[in-house]
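Each chain is listed here by its residues.
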Amino acid sequence: MSIAAMKTDTTTAATAVASAKPVKALQTRVTARLGLMLRSTAVAVIPPLISLAALLMIWQIAFGRPGATLPPPTQVWSEAKDLILDPFFINGSQDIGLGWRVLTSLQRVIVGFSLSAVVGVVMGAVVGQSVWAMRGLDPIFQILRTVPPLAWLPIALAAFRDSNPSAIFVIFITSIWPVLINTAVGVRNIPQDYRNVAQVLRLNQVEFFFKIMAPSAAPYIFTGLRIGIGLSWLSIVAAEMLTGGVGIGFFIWDAWNSSRLPDIVVALVYIGVVGFVLDRLVAGLGSLITRGTAAN
Amino acid sequence: MAAYLKLDHIDKTFRRGAVESEVLKDINLSIDKGEVISIIGHSGCGKSTLLNLIAGLTQVTSGGVLLEDREVNAPGPERAVVFQNHSLLPWLTVYENVSLAVNKVFGGVKTRAERHAWIMHNLDLVQMSHARDKRPAEISGGMKQRVGIARALAMEPKILLLDEPFGALDALTRAHLQDSVMQIHAGLKNTMIMITHDVDEAVLLSDRIVMMTNGPSATIGEVLTVALPRPRHRLELVADPAYLAAREAVLKFLYERHRFVEAA
């Protein structure tokens, strides 16, 4: 809004030397555009605000009476205000803002997810390209991908003998399957026409991967990555509840053990918002990169 | 004189499980340098299979394809293909589609500037340099096919293979592109083999028309030499007796002697 207002100023100044009539016309045009912008913002923002208010109200009514099992919004606000207002405070090694905890969890997710993205895309490309690799590996993948994230944790703890690599491994093993399987499907669906072009040009394996396979399968790959990042975020919270240490998952477990229910509510909101942002980030990156591919 | 391209007793059998189907049988054909050959026949007669065999995209069952007396059995840029559905890569611009081919074929031979000039030269040939920064989705079907031709020509092929290149286009666009192909051929004197199911197109463009019998086990039924002088102009040919005679010969072959029974 401030930019639009500034624009009005400069344009008015520039045309002020001319007659007053066009200036007025310009002003009305700018105000009209401003009004339009305001309206479209309002249309996007007001409905979710209304439903949020309604939700809070129902919550307040349901748990506002004395003796309720869960805290109402007013109690969450009064008891966990510091957590809501300042995400980045440090009052000691175990008393830090939720922003820091989320960042610690995100760090694990980024390491685990990056690993699964690279390994998943490469293995997916192999499985999609080779009929024998698919016949041999696909049944195994189909079985392994149904194993819940936390079921891997004991094995990971036994293998790594440390909680941090175990948590990263759980993220890796959870998020690799959608990446791998989607990449394989994308590679299998490369049109024969593109393969013919590559053959006539005698592209080698590396050139084929970068010039034909990756761009052609990119929409599938990004679908897989988007599901994968969602699963990573799901599993990190669960894994951290068990492994302990710093992290948003352990914070919830810790809060539960010391009966700080309002803190848990705030943490849930943090987790939801971060998960949403992660999903949007990967989706945005995908649509940026696959701009040309989807058409035609 | 040895032929430029020789198809020597080619058979092609497709095998799916225990079922074998012989698609092509005993194909023999010699093509000279600079000749334009059309292959015409009813659908399902194996025309496209024959073109894929020459391109090396499909392997012969027996016999051989000889280009300048050397057997070819794998695809390569010296036998560039213009595909029926253009096959441009949708994530690349017109320029990048052609440059992919040019950089691969001439990467070690030409400098960057020479390659750029060569790409633009080929886009000029098909009158598409104005759309160099557009993506395939942003240009019409005829334009896409032009770019497909430019990409194939840019490989400087010994033989240009065209697989029903104008089949998906409307009649007016098709006529424009046929004229372009004739112009290009007049300038480059390149060898072309074109699959078509359009009798007028075959007569207008080619030096010889190869007529295929119906499958299974299709083979070359007749080869008609079109003795019309070049350059040819479609308007002047409309009433030309030699043109009409050639047209009649092809039509008679297709609809009298080798009627396609299954076509209802």
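In this report, we go over the structure that sits alongside the text.

About the cut-offs
Residues numbered from 1 in each chain as written. Chains lettered and ligands numbered in written order. Predicted model: local features only at pLDDT ≥ 70, side-chain atom pairs only at ≥ 80, totals over all residues. Heavy atoms only, no water. Helix = DSSP H or I, 4+ residues; strand = E, 2+ residues; numbered from the N terminus. Rg over C-alpha atoms; globule rule 2.2 N^0.38 Å. Buried < 20%, exposed > 50% of the residue type's maximum accessible area, 1.4 Å probe, protein only. Contact = heavy atoms within 4.5 Å. Areas by Shrake-Rupley, 256 points an atom, 1.4 Å probe, with all protein chains shown as cover. Lys, Arg positive; Asp, Glu negative; His and termini not counted. Charge placed at Lys NZ, Arg CZ, Asp CG, Glu CD. Expected span 1.5 Å × (residues − 1). Pairing = 2+ DSSP bridges. Axes fitted to C-alpha atoms, helices over the stretch in contact; angles between N-to-C directions. Left-handed = near helix turned anticlockwise from the far one by under 90°. Parallel < 35°, antiparallel > 145°, perpendicular 65-115°, else oblique. Buried area = accessible area lost by both parts, 1.4 Å probe. Salt bridge = Lys/Arg side-chain N within 4 Å of Asp/Glu carboxyl O. Core = buried A, V, L, I, M, F, W, Y, C linked by side-chain atoms within 4.5 Å. Patch = residues over 30% accessible without salt bridge, like charges linked within 9 Å, V, L, I, M, F, W, Y side chains within 5 Å.

What follows is about the overall build of chain A. Tallying secondary structure elements over chain A gives 13 helices and 0 strands in all. If you list the helices and strands of chain A from N to C, you get α-α-α-α-α-α-α-α-α-α-α-α-α. Relative to its length of 296 residues, chain A is extended, with a C-alpha radius of gyration of 26 Å against a globular reference of 19 Å. Dimensions along the principal axes, computed over C-alpha positions, put chain A at roughly 75 × 65 × 35 Å. Across the 296 residues that make up chain A, the buried fraction comes to 36%. Counting only contacts in chain A whose residues sit at least 6 apart along the sequence, the fraction spanning at least 24 positions is 63%. When the accessible surface of chain A is split by element, carbon and sulfur atoms take 71% of a total near 17000 Å². Across chain A, the centroid of the 21 positively charged side chains sits 15 Å from that of the 13 negatively charged ones.

Before going further, it helps to examine the overall build of chain B. Looking only at helices and strands, chain B has 8 helices and 10 strands in total. Its C-alpha radius of gyration of 19 Å places chain B within 12% of the 18 Å reference for a compact globule of 264 residues. When each of the 264 residues of chain B is scored for burial, the buried share is 54%. Long-range contacts, defined as pairs at least 24 residues apart, comprise 70% of the intrachain contacts of chain B with a sequence gap of at least 6. Taken together, the 30 basic and 31 acidic charged side chains of chain B have centroids lying 5 Å from each other.

As a further point, take helix α4 (residues 141–154) of chain B. In this model α4 of chain B runs 20 Å from its N-terminal to its C-terminal C-alpha over 14 residues, within 8% of the 20 Å that 1.5 Å per residue would give. Of all 14 residues that make up α4 of chain B, 12 are buried, and the element is covered over most of its length. Among all positions in α4 of chain B, only Gly142, Lys144, Gln145, Arg146, Val147, Gly148, Ile149, Ala150, Arg151, Ala152, Leu153 and Ala154 of chain B are buried. Looking at the buried residues of α4 of chain B, the elements they touch are α9 (192–200) of chain A together with β6 (79–82), α2 (94–106), α3 (112–125), β7 (159–163) and α5 (171–188) of chain B. Where α4 of chain B terminates, the next one or two residues include glutamate 156 of chain B, which has phi positive at roughly 45 degrees.

What follows is about the sheet that holds β6 of chain B. Residues and elements named next belong to chain B. One open sheet accounts for 6 strands, arranged β6-β7-β8-β3-β9-β10; its pairing is mixed. A single partner strand is all that each edge strand has here, and the edge strands are β6 and β10 (220–225). For this sheet the average axis-to-axis angle between neighbouring strands, irrespective of direction, equals 20 degrees. Pairing geometry for strand β3 (residues 36–40) and strand β8 (residues 191–196), over 5 bridges, is parallel. Note that in β8 the partner of isoleucine 39 across the bridge is isoleucine 195. Against the sheet, α4 touches β6 and β7, its axis set at about 175 degrees to β6.

Moving on to the packing of helix α6 (residues 131–144) of chain A against helix α8 (residues 163–188) of chain A. All names here are of chain A. Interhelical geometry of α6 versus α8 gives an angle of 145 degrees and a closest axis separation of 11 Å. By crossing handedness, the relation of α6 to α8 is classed as left-handed. Within the contact between the two elements, α6 uses Met134, Phe141, Gln142 and Leu144 and α8 uses Trp177, Leu180, Ile181 and Arg188.

Residues and elements named next belong to chain A. Put simply, helix α5 (residues 98–129) and helix α11 (residues 248–257) touch, their axes get as near as 7 Å, and they point 130 degrees apart. Our classification of the angle between α5 and α11 gives oblique. Across from Leu98, Arg101, Val102 and Ser105 in α5, the residues of α11 making contact are Ile248, Gly249 and Phe251.

Now for the interface of chain A and chain B. Taken together, the 19 residues of chain A in the interface contact 26 residues of chain B. Buried surface at the junction of chain A and chain B, both sides included, amounts to about 1900 Å², of which 67% is carbon and sulfur. Our count for the chain A to chain B interface comes out at 2 salt bridges. Residues lysine 104 of chain B and glutamate 207 of chain A are paired through a salt bridge, measuring 2.9 Å at the closest nitrogen-oxygen approach. Those elements that place two or more of their residues in the side of chain A that touches chain B are α9, α10 (205–243) and α13 (291–294) of chain A. The element best represented in the side of chain A that touches chain B is α9 of chain A, accounting for 6 residues.

Here we come to the nonpolar core. Core analysis: the largest hydrophobic core is formed by 134 residues, its most contacted members being Trp233 of chain A together with Ile193 of chain B. The next biggest cluster of nonpolar side chains, apart from the first, holds 13 residues, and it includes Trp152, Phe172, Trp177 and Ile181 of chain A.

Turning to a nonpolar patch on the surface, a few remarks are in order. Residue and element names in this part refer to chain A. Taken together, the side chains of Val45, Leu49, Leu52, Leu55 and Leu56 present a nonpolar region at the surface, about 450 Å² in accessible area. Within the element layout of this structure, valine 45 appears in helix α2 (residues 20–63). With a relative accessible area of 41%, valine 45 lands in the partly exposed category.

Keep in mind these numbers describe shape, not what the thing actually does.
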